[in-house]
Amino acid sequence: MIIILKPDLEDKEKTITQIRNYLENYPNVRIRLVELQGETREVTEVHLIGQTHNVRMDVLERFPGVERVIRVSAKYRQIGRHDIDLVPVGFTYQGITFDQDSLVIFGGLCAVETKEYVEEIFKTLKDLGISTARMGAYKPRTSPYDFQGHGKKCLPWVFELAGKYGIKVIAMEVLRDQHIEEIDKALEESGRPTGVMLQIGTRNAQNFELLKAVGSQQTYPVLYKRGMGLTLEESLNACEYIASEGNRNIVFCLRGVKTQLGLPHRNMVDFAHVPVIKRLTRLPVCVDPSHCIGSKDKSPDGLLDIFHAAAMGVIAGANMLLVEFHPEPEMAWCDGPQSLTPSQFSQFVRDVQIVRQAYKTRVETYSQALMAEMTVAA
Ligand code: PEP
Ligand code: MN
């Protein structure tokens, strides 16, 4: 249950004490205060946690300091929509809006390899007018003998180059809490020329201690990648872990699920879940066609499967794309087979623009038809 307090209460504590006193009748209910910056004002929510089914909404609603009481499903208390329009959908970071209406493309390397490659990627992005990149300094690899990423030693020059090319945000995976500190230190020491979105990879989708670590800081937003073998509900609960620690600036990323049924693709594309996540939560939704498809195979129409998969996400209203490209994919130390060349990446961006326009036309056409129906009915 969520109790929203009235704005500008002179004595907020008085209302909170009133609520606490009333809840003495319910020993299995705890309360947690949540302060949020809403679209038009600061919002104070009192969350009731535990066995709340007997708690009477009508009693709470009568307290003078209470604006609204909402019964929410216990599952997505923080990230769920719950019909509360005071709290914003999405967030802004480094001047870029991440919400359920925007679309931002993050392109780049699977892993940071050489300075030359990183510079070429940032330059290509800049030429295309894109200021958001992906780059892994810490790589979780299936084999311990494969390249594990350069780690913290590459951060200073990656951040410096990002600043040089006007890159505002880099999506960068972290594997343990120490990596968050290393990124923060390197950014601080280099004068914060760019920003970082902390990526939780699919292999850590239920690493609850890591989820708590990214959730308990609010400097960096989080890109959460769905667990490759988890139900949607399990992955949404994992996001709830992040949010319940205090950080609600989360983007939910679909990246395909593991099954033989997806062959010959690396993973089975799960982008039909884009509208489901938008309906259930306030999170912007990202799709990653690179890790779904895993190759640069193309269909007889000439378009790469990666383009078609991305189109499925964008036509369904995705808000972010995470895609790998590399100056020399055949030389890549990680995920070369699925990495686009820079020229394929620029075709990809063009294709995304076409599909995005089609999505907007669909939404517009549907809302006009709805308006026309309502006019006839009136
Ligand atoms: C990645 O984006 O670099 C990555 C490793 O993806 P995933 O965690 O989805 O496999
Ligand atoms: Mn990769």
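Residues numbered from 1 in each chain as written. Chains lettered and ligands numbered in written order. Predicted model: local features only at pLDDT ≥ 70, side-chain atom pairs only at ≥ 80, totals over all residues. Heavy atoms only, no water.

Participant: Help me understand the packing of helix α6 (residues 208-215) against helix α7 (residues 232-244) in this model?
Facilitator: Each pair of packed helices gets described by two things: the angle between the helix axes and the distance between those axes. Between α6 and α7, whose axes approach to 7 Å, the crossing angle comes to 45 degrees. By the angle between their directions, the pair α6 and α7 is classed as oblique. In the crossing of α6 with α7, the sense of the turn from one axis to the other is right-handed. In contact with Phe208, Leu211, Lys212, Val214 and Gly215 of α6, α7 contributes Ala238, Tyr241 and Ile242. Tallied by class, residues from the contact of α6 with α7 come to six nonpolar, one polar and one charged. (Axes fitted to C-alpha atoms, helices over the stretch in contact; angles between N-to-C directions. Helix = DSSP H or I, 4+ residues; strand = E, 2+ residues; numbered from the N terminus. Parallel < 35°, antiparallel > 145°, perpendicular 65-115°, else oblique. Left-handed = near helix turned anticlockwise from the far one by under 90°. Contact = heavy atoms within 4.5 Å. Nonpolar A, V, L, I, M, F, W, Y, C, P; charged D, E, K, R; others polar.)

Participant: Sorry if this is basic, but what is going on with the coordination of the manganese ion (ligand 2) here?
Facilitator: Any two of four tetrahedral donors ideally make an angle of 109.5 degrees at the metal, while pairs among six octahedral donors ideally make 90 or 180 degrees. Those donors, Cys110 (SG), His291 (NE2), Glu324 (OE) and Asp335 (OD), are the protein atoms that reach the manganese ion (ligand 2), and they lie 2.0 to 2.4 Å from it. Sequence spacing among the residues donating to the manganese ion (ligand 2) works out to C-x180-H-x32-E-x10-D. In this pair, Glu324 sits in strand β14 (residues 320-324) while Asp335 sits in the loop between β14 and α11 (342-377), placing the two residues eleven residues apart along the sequence. Residue classification places Glu324 among the buried residues on the basis of a relative accessible area of 0%. (Donors = N, O, S within 2.8 Å, 3.2 Å for Na, K, Ca; no water. Buried < 20%, exposed > 50% of the residue type's maximum accessible area, 1.4 Å probe, protein only.)

Participant: Can you walk me through the pairing of strand β10 (residues 195-200) in this structure?
Facilitator: Every regular strand shows the same layout, with side chains that alternate between the two sheet faces. Burial within β10 is extensive, with six of its six residues counted as buried. Burial of the side chains of β10 extends over both faces: Gly195, Met197 and Gln199 are buried on one face and Val196, Leu198 and Ile200 on the other. Note: strand β9 (residues 169-173) against β10, five bridges, orientation parallel. Its bridge partner lying in β10, Met172 is registered against Leu198. Following the chain from β9 across helix α5 (residues 177-189) to the adjacent parallel β10, one finds a crossover that is right-handed. Note that β10 and strand β11 (residues 222-225) share three bridges and pair parallel. Looking across to β11, one finds that Gln199 is bridged to Leu223. Taken together, β10, α6 and β11 form a β-α-β motif whose crossover is right-handed. (Pairing = 2+ DSSP bridges. Right-handed = clockwise from strand over helix to strand, strands pointing away.)

Participant: Just to check I follow, could you spell out the environment of Ala171 for this structure?
Facilitator: Topologically, Ala171 is positioned in strand β9. The spacing of Ala171 and Glu364 is 193 residues in sequence and 31 Å in space, taken between C-alpha atoms.

Participant: How should I be thinking about a nonpolar patch on the surface in this particular structure?
Facilitator: Where nonpolar side chains cluster on the molecular surface, the patch consists of Tyr366, Leu370, Met371 and Met374 and spans about 460 Å² of accessible area. Along the chain, Tyr366 turns up in helix α11. Accessibility expressed as a relative area gives 57% for Tyr366, which makes it exposed. (Patch = residues over 30% accessible without salt bridge, like charges linked within 9 Å, V, L, I, M, F, W, Y side chains within 5 Å. Areas by Shrake-Rupley, 256 points an atom, 1.4 Å probe, with all protein chains shown as cover. Salt bridge = Lys/Arg side-chain N within 4 Å of Asp/Glu carboxyl O.)

Participant: Help me understand the side chain of Ser339 in this model?
Facilitator: Checked against the element boundaries, Ser339 lands in the loop between β14 and α11. The contact partners of Ser339, leaving out residues within four places of it in the chain, are Lys296, Glu324, Phe325, His326 and Pro329.

Participant: Before we go on, may I ask you to explain the packing of helix α3 (residues 115-127) against helix α4 (residues 155-164) in this structure?
Facilitator: The contact between α3 and α4 brings their axes to 9 Å, and the two run at 30 degrees. Viewed along their axes, α3 and α4 adopt a mutual orientation that is roughly parallel. In the crossing of α3 with α4, the sense of the turn from one axis to the other is right-handed. Mapping the contact onto sequence places Lys115, Val118, Glu119 and Phe122 in α3 and Trp157, Val158, Leu161, Ala162 and Lys164 in α4. Classifying every residue of the contact of α3 with α4 gives six nonpolar, no polar and three charged.

Participant: I tried to follow the nonpolar core on my own but got confused; where do I start?
Facilitator: Most often, soluble globular proteins keep nonpolar side chains buried together rather than apart. Ranked by internal contacts, the top residues of the largest apolar core, which has 93 residues, are Phe98, Phe122, Phe159, Ile183, Tyr224, Phe345 and Phe348. Ile183 has contacts with Tyr138, Leu155, Phe159, Met172, Val174, Val196 and Leu198, leaving out every residue within four places of it along the chain. If you look at the next biggest cluster of nonpolar residues, it comprises 17 residues, including Ile3, Val59, Val66 and Val69. (Core = buried A, V, L, I, M, F, W, Y, C linked by side-chain atoms within 4.5 Å.)

Participant: Honestly, the site of ligand 1 in this entry has me stumped. Any pointers?
Facilitator: Taken together, Arg134, Lys139, Glu173, Gln199, Gly201, Thr202, Arg203, Lys225, Arg255, His291 and Glu324 make up the full set of residues adjacent to ligand 1. One of the side-chain nitrogen or oxygen atoms of Lys139 is found 2.9 Å away from an oxygen atom of ligand 1. Within the backbone of Thr202, one N or O atom sits 2.9 Å away from an oxygen atom of ligand 1. Burial of ligand 1 by the protein chains amounts to 97% of its free accessible area of 290 Å². Residues of the shell around ligand 1, tallied by class, amount to no nonpolar, four polar and seven charged. (Near = heavy atom within 4 Å. Polar contact = N/O pair within 3.5 Å; in protein donor to acceptor, adjacent residues only side chain to side chain.)

Participant: Mind showing me how you'd approach α3 here?
Facilitator: The α-helix advances 3.6 residues per turn, and as a result positions three or four apart in sequence lie on the same side. With 13 residues, α3 should reach 18 Å at 1.5 Å per residue; the first-to-last C-alpha distance of 18 Å fits that figure. All of the buried residues in α3 are Tyr117, Val118, Ile121, Phe122, Thr124 and Leu125. In a view along the axis of α3, the buried residues occupy a sector of 160 degrees, so they form one face of it. Seen from the open side of α3, the exposed residues pointing more than 90 degrees away from its buried face are Glu116 and Asp127. Residues of α3 that are buried sit in contact with β7 (104-108), β8 (132-134), α4, β9 and α11. Following α3 by one or two positions, Gly129 has its phi on the positive side, about 75 degrees. (Expected span 1.5 Å × (residues − 1). Arc of directions from axis to C-beta.)

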